[in-house]
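Chain by chain, the residues:
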Amino acid sequence: MSLPAQEEEDAAQLKFPKEFDNAEPMMISEVLMMLESRRQQQQQLSMNGGMGDDDDETPLSEAFNDTITYCERFSKFKNKEAIGAVRNLLFPQDNSGSFKLHKFEAALLSNLCPTQAMEAKTLIPSLESKLDDDECQKLVDEIQNYRSFQS
């Protein structure tokens, strides 16, 4: 009796392990906002003499600071409004978005910010079967639009 063959994981084909089924991808810009918020909390605690839970008094690690540096470098959207607009475009809550993307594809588009449809489809091969060139170009143009109008 043989065991059933496990399906091979392949991000290009949107085949992920079952652990990813309920995972919600985040934009690097969102991660940066969360980390900056945590850093501000830590700074407030330090200024107030460390009054708070023991967990809150732990100094921020080198890995935490390195992660912030990484996110600052690769974050594409700098304010909450732009982040929210891109999230609403790519990750619609009610599935009413005009672009039917897998959440992995949406996260990649928001983090990579390609400027041309061909670039997007090269970086994210699964888009080839979902969007024609005009639809893809419209989508990357909208993302670039949010990026360019940040204050």
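This text follows the structure it describes.
A short tour of the structure in this document, coming up. All figures in this text were calculated on a predicted structure; none of them were measured in a lab.

Rules and cut-offs
- Residues numbered from 1 in each chain as written.
- Predicted model: local features only at pLDDT ≥ 70, side-chain atom pairs only at ≥ 80, totals over all residues.
- Heavy atoms only, no water.
- Axes fitted to C-alpha atoms, helices over the stretch in contact; angles between N-to-C directions.
- Helix = DSSP H or I, 4+ residues; strand = E, 2+ residues; numbered from the N terminus.
- Parallel < 35°, antiparallel > 145°, perpendicular 65-115°, else oblique.
- Left-handed = near helix turned anticlockwise from the far one by under 90°.
- Contact = heavy atoms within 4.5 Å.
- Nonpolar A, V, L, I, M, F, W, Y, C, P; charged D, E, K, R; others polar.
- Core = buried A, V, L, I, M, F, W, Y, C linked by side-chain atoms within 4.5 Å.
- Buried < 20%, exposed > 50% of the residue type's maximum accessible area, 1.4 Å probe, protein only.
- Salt bridge = Lys/Arg side-chain N within 4 Å of Asp/Glu carboxyl O.
- Phe/Tyr/Trp six-rings, centres within 6.5 Å; stacked < 30°, edge-to-face > 60°.
- Lys NZ or Arg CZ within 6 Å of the ring centre and 35° of its normal.

1. Some points on the packing of helix 1 (residues 28-47) against helix 3 (residues 80-90)
In step 1: Between helix 1 and helix 3, the shortest axis-to-axis distance is 10 Å and the interhelical angle comes to 140°. By the angle class used here, helix 1 and helix 3 are oblique. As helix 1 runs across helix 3, the sense of the crossing is left-handed. Residues Ser29, Glu30 and Met33 of helix 1 pack against Lys80, Ile83 and Arg87 of helix 3.
In step 2: When grouped by side-chain class, the residues that make up the contact of helix 1 with helix 3 number two nonpolar, one polar and three charged.

2. Comments concerning the nonpolar core
In step 1: Ranked by internal contacts, the top residues of the largest apolar core, which has 22 residues, are Phe77, Leu90, Leu101, Leu109, Leu127, Leu139 and Ile143.
In step 2: Every element with two or more residues in this core is listed here: helix 3, helix 4 (103-112), helix 5 (117-123) and helix 6 (133-148).
In step 3: Element by element, the count of residues in this core is highest for helix 3, at five residues.
In step 4: Ignoring anything within four residues of it in the chain, the contact list for Leu90 reads Leu101, Ala106, Leu109, Ser110, Leu139 and Ile143.
In step 5: Among the nonpolar cores identified, the runner-up in size contains six residues, and Ile28, Leu32, Leu35 and Cys71 belong to it.

3. Quick look at the packing of helix 3 against helix 6
In step 1: Between helix 3 and helix 6, the shortest axis-to-axis distance is 9 Å and the interhelical angle comes to 165°. When the axis of helix 3 is compared with that of helix 6, the two are roughly antiparallel. Here helix 3 runs over helix 6; the crossing is right-handed. Residues Ala82, Ala85, Val86, Leu89 and Leu90 of helix 3 lie in contact with helix 6, whose contacting residues are Leu139, Glu142, Ile143 and Tyr146.

4. Describing the environment of Val140
In step 1: On the secondary structure map, Val140 appears in helix 6.
In step 2: Owing to a relative accessible area of 0%, Val140 belongs among the buried residues under this scheme.
In step 3: A C-alpha to C-alpha distance of 7.8 Å links Val140 and Leu109, two positions 31 residues apart in sequence.
In step 4: Val140 has contacts with Leu109, Pro114, Thr115, Gln116, Ala117 and Ala120, leaving out every residue within four places of it along the chain.

5. Concerning the pattern of salt bridges
In step 1: Under the defined criterion, the tally for this structure stands at six salt bridges.
In step 2: What emerges from the salt-bridge pattern is a single network uniting Lys121, Glu128 and Asp133.

6. Notes on the packing of aromatic side chains
In step 1: The final tally for this structure, using the stated rule, is three aromatic pairs.
In step 2: Through successive ring pairs, a cluster of aromatic residues spans Phe16, Phe20 and Phe104.
In step 3: Over the ring of Phe91 we find Arg87, and its NZ or CZ is 4.2 Å from the ring centre.

7. Considering unusual backbone geometry
In step 1: Residues other than glycine seldom take positive phi values, yet Leu14 does so here, at roughly 60°.
In step 2: Note that Leu14 resides in the segment before helix 1.
In step 3: Located in the positive-phi region is Cys113, a residue other than glycine, with phi close to 50°.

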